[in-house]
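Coordinates in review
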Amino acid sequence: MTPEQIIFLISAALILASAMMVVITRNLIHAALWLVSALFGVAVLFAILNASFLAVVQVVVYIGAIAILFIFAVMLTRKEMRDRGSQTRSSWWLPALLGVLILAGLIFLIFGQPAVNRTAPAIPAGVDPLRLLGSALVSPDGYVLPFEAASVLLLSALVGAVYVAIGRKS
Amino acid sequence: MNLWNDPINFVANWLRGLLTSRGLANGFATVILFFIGIVVLILFAMLLDIFLVWVERKVVARFQDRLGPNRIGPFGLIQPFADIIKLVIKEDITPAGADKLIYNMAPVLAMASVILLWAILPLASKIYGVDLNVAVLYLVAAGALGTLSIIMAGWASNNKYALLGAFRMVANMISYEVPMVVTLLIPTILANTMSVKGITDAQSSVWFVVLSPLGMLIFLISAIAELGRAPFDLNEAESEIVAGFHIEYSGMKFGLFYAGELLHAFTFGGFVAMLYFGGYGVFGLEKFVPVLQAPLVAAVIFLGKAMVGYWVIMWVKYSMPRIRIDHMLAFNWKFLTPLSLVILVVTALASKLLSGSPTWLAALVMFLTNVVIAWLTIEILRGVGRRQRRLEQSLASPASPLARHGSE
């Protein structure tokens, strides 16, 4: 096993365990923190894949946003923040079955790919993946249209939020 | 390659030879070397931190016309060690009803978020943790972890003041992250790269503070806000919420928050030096004086510049009163954010238009653009202030103060 594989296994275990804990834990704040740990594991995976931009953005956007989530969790729930009811429904087996089926389908699809046993080619020297990503996002034969559409969508959300929050002047 | 020209790789190659000669695979030797490098870097940062405690106490004493620590050792230099012994042997209290795990994790995470920054701090052209191509974003990401640690501390302490401090910190961080990211983009645009080493090397002829003095100022202000130091220390405003988020912490856990804050301030001094003041370079002199190129000398230069930045941050902290929370938010959203966006657009346009012209001309034009922007900003602020004053006067003169209060 190479060190990369060991790191992958550790972070994969971390992601799965944390994701389980997000759902299982009864404390809302703990759920938010487990979510942080799961998302951090995903950032580690991106880092292993040489996708440094995605890794860092994962931490900035998601873990940064958890701070807000945290505040909403504290402000919008009661003091105890504990749900004492049963954590499962009577038909819990249905989503479980569905999940297993989707997992089996994904595994089948992934192992059907011809590239599954190949190791990723090393990035050639002198090529900056970040630069390629940047120019792909703004070049007309790249992703400029989705990029601009997303920007406009976010801007309209921003304007809408300001409009909602500004209130009526009495 | 020798110890003087490339100390890190020299030692690393020697160690690698030692490890592989004992039959270790090269890949695992690399991992072990990285671990050793990380431990050495952290140790260096922490040892520096002990010294910073002394620096901070000495400087604040001078600002407040006192002497500061002066009893133990020459100039009180042994004082931090006495402080550490005191912090370690103090009783460690976990408040009743606290969330034990999160409560104990928060100070560690607070320190870790600062140590993370040292990974990308280039002490010299050949002494750095890692030369990330997204280093500028990494800086913001580490800041997000710092916020998280403060919220964890505030919430897990089971104390309303601590929670209030944490809430204030989030409001502070979320607001000041915007101008900070925008002013981080300015060196990125000027250097055409997000790698900190690339940004430092791009300043070998002219420092970015000349090209964008306003960007430097806004970065410094938002860095101070991100640090949560005065005048933005609302998260621990002692006159309102006792000690804010770390109210319940005692002993070394408090020590970690305190030391983390000091090291954070010094690190941001380093980032100001790196992004706007040429990092480990000396006005391009190192091209003519080869001794300045030696990594160890360059590291001393960089640490000196970082210390100056840290001193400015202390200077602001100990001479400014704390500002009110609504003023803080208004200052950010109505002043810093629009101004930083204007500077960003102007800098991007100017650097593109002037890309073909000689360096001195480009520097002059960009500096003058900044002066014009500063002048316009001051004019607009004066106009707004004058209008506000007239409004207040016209409202105040005919009617009683009560009527004015009702109209708001």
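Residues numbered from 1 in each chain as written. Chains lettered and ligands numbered in written order. Predicted model: local features only at pLDDT ≥ 70, side-chain atom pairs only at ≥ 80, totals over all residues.

Here we take up the overall build of chain A. Across its full length, chain A holds six helices and zero strands. Its helices and strands in sequence order give chain A the pattern α-α-α-α-α-α, from N to C terminus. Here the C-alpha radius of gyration of chain A, 21 Å, is well above what a compact globule of 170 residues would show, namely 15 Å. In terms of principal-axis extent, the alpha carbons of chain A reach across some 60 × 50 × 30 Å. Counting the 170 residues in chain A, one finds 11% classified as buried. Across chain A, contacts joining residues at least 24 apart in sequence account for 48% of those joining residues at least 6 apart. (Helix = DSSP H or I, 4+ residues; strand = E, 2+ residues; numbered from the N terminus. Rg over C-alpha atoms; globule rule 2.2 N^0.38 Å. Buried ≥ 20, exposed ≤ 12 C-beta atoms within 10 Å, placed from the backbone. Contact = placed C-beta atoms within 7 Å.)

Residue and element names in this part refer to chain B. Once the domains are mapped, chain B shows domain 1 (1-82) and domain 2 (90-353). Taking only C-alpha atoms, the centre of domain 1 and the centre of domain 2 are 20 Å apart. Counting from both sides, the interface comprises 17 residues of domain 1 and, opposite them, 16 residues of domain 2. Contributing elements (two or more residues each) for the side of domain 1 that touches domain 2: α1 (7-21) and α2 (26-63). A total of 10 residues in the side of domain 1 that touches domain 2 trace back to one element, the largest contributor, which is α2. In the side of domain 1 that touches domain 2, the residues fall into 11 nonpolar, three polar and three charged. (Domains from an automatic or database assignment. Nonpolar A, V, L, I, M, F, W, Y, C, P; charged D, E, K, R; others polar.)

Turning our eyes to something else, we now look at the domain arrangement of chain A. Here chain A is described as being made up of domain 1 (1-81) and domain 2 (132-170). Just the C-alpha atoms count here: the centres of domain 1 of chain A and domain 2 of chain A sit 26 Å apart.

This part takes up the interface of chain B and chain A. With 19 residues of chain B in contact, the opposing surface of chain A contributes 20 residues. Secondary-structure elements contributing two or more residues to the side of chain B that touches chain A are α2, α5 (135-156) and α6 (160-191) of chain B. The dominant element in the side of chain B that touches chain A, judged by the number of residues it contributes, is α5 of chain B, at 10 residues. Tallied by class, the residues present in the side of chain B that touches chain A amount to 16 nonpolar, three polar and no charged.

All names here are of chain B. Within the chain, D65 stands out as a residue other than glycine whose phi angle is a positive 60°. Position of D65 among the secondary structure elements: in the loop between α2 and α3 (79-89). Taking the number of C-beta atoms within 10 Å as the measure of exposure, D65 has 6 and is therefore exposed. The phi dihedral of N158 falls on the positive side, at around 55°, and the residue is not glycine. Residue placement: N158 occurs in the loop between α5 and α6. Assessed through the 15 C-beta atoms surrounding it within 10 Å, N158 is described here as partly exposed.

Here we come to the confidence of the model for chain B. Taken residue by residue, chain B gives an average pLDDT of 83. The fraction at 70 or more is 96%. Per-residue pLDDT, averaged within each element of chain B, yields its smallest value for helix α15 (residues 401-407) of chain B (52) and its largest for helix α9 (residues 213-227) of chain B (89). (pLDDT = per-residue confidence, 0-100.)

Let us look at the packing of α2 of chain B against helix α12 (residues 295-319) of chain B. For any two helices packed against each other, the geometry comes down to the angle between their axes and how far apart the axes lie. All names here are of chain B. Packing of α2 against α12 leaves a shortest axis separation of 10 Å and a crossing angle of 45°. By the angle between their axes, α2 is oblique relative to α12. Here α2 and α12 pass one another in a crossing that is right-handed. Only W311, M314, Y318 and S319 of α12 make contact with α2, whose side of the interface consists of E56, V59, V60 and F63. Partitioning the contact of α2 with α12 into residue classes produces six nonpolar, one polar and one charged. (Axes fitted to C-alpha atoms, helices over the stretch in contact; angles between N-to-C directions. Parallel < 35°, antiparallel > 145°, perpendicular 65-115°, else oblique. Left-handed = near helix turned anticlockwise from the far one by under 90°.)

Moving on, we get to helix α13 (residues 325-353) of chain B. Residues and elements named next belong to chain B. With 29 residues, α13 should cover 42 Å at 1.5 Å per step; its first-to-last C-alpha distance of 40 Å lies within 8% of that length. L336 marks where α13 bends most, by close to 35°; the proline P338 follows one to four residues later. Among the residues of α13, M328, N332, L336, L339, S340, I343, L344, T347 and A350 are the ones counted as buried. Packed against the buried residues of α13 are α6, α9 and α14 (359-396). (Expected span 1.5 Å × (residues − 1). Bend = angle between axes of the 7 residues up to and from the residue.)

All names here are of chain B. Residue placement: S113 occurs in helix α4 (residues 100-118). Since 21 C-beta atoms lie within 10 Å of it, S113 is described here as buried. Along the chain, S113 and H264 lie 151 residues apart, while their C-alpha atoms are 8.8 Å from each other. Residue contacts for S113: discarding those within four places in its chain leaves A142, L145, G146 and S149.

This part is about helix α4 (residues 93-112) of chain A. Every α-helical turn comprises 3.6 residues, leaving residues that sit three or four positions apart pointing alike. Here α4 of chain A contains 20 residues, and its C-alpha end-to-end distance of 28 Å stays within 8% of the 28 Å for a straight helix at 1.5 Å per residue. Little of α4 of chain A is tucked away: zero of the 20 residues are buried.

Turning next to the packing of α5 of chain B against α6 of chain B. Residue and element names in this part refer to chain B. Following both chains from N to C, one finds α5 and α6 inclined at 175°, their axes separated by 9 Å at the closest point. One finds that α5 runs roughly antiparallel with respect to α6. Mapping the contact onto sequence places V136, L139, V140, G143, T147, I150, I151, A153, G154 and W155 in α5 and A162, L163, G165, A166, M169, V170, M173, E177, V181, L184 and T188 in α6. Classifying every residue of the contact of α5 with α6 gives 15 nonpolar, five polar and one charged.

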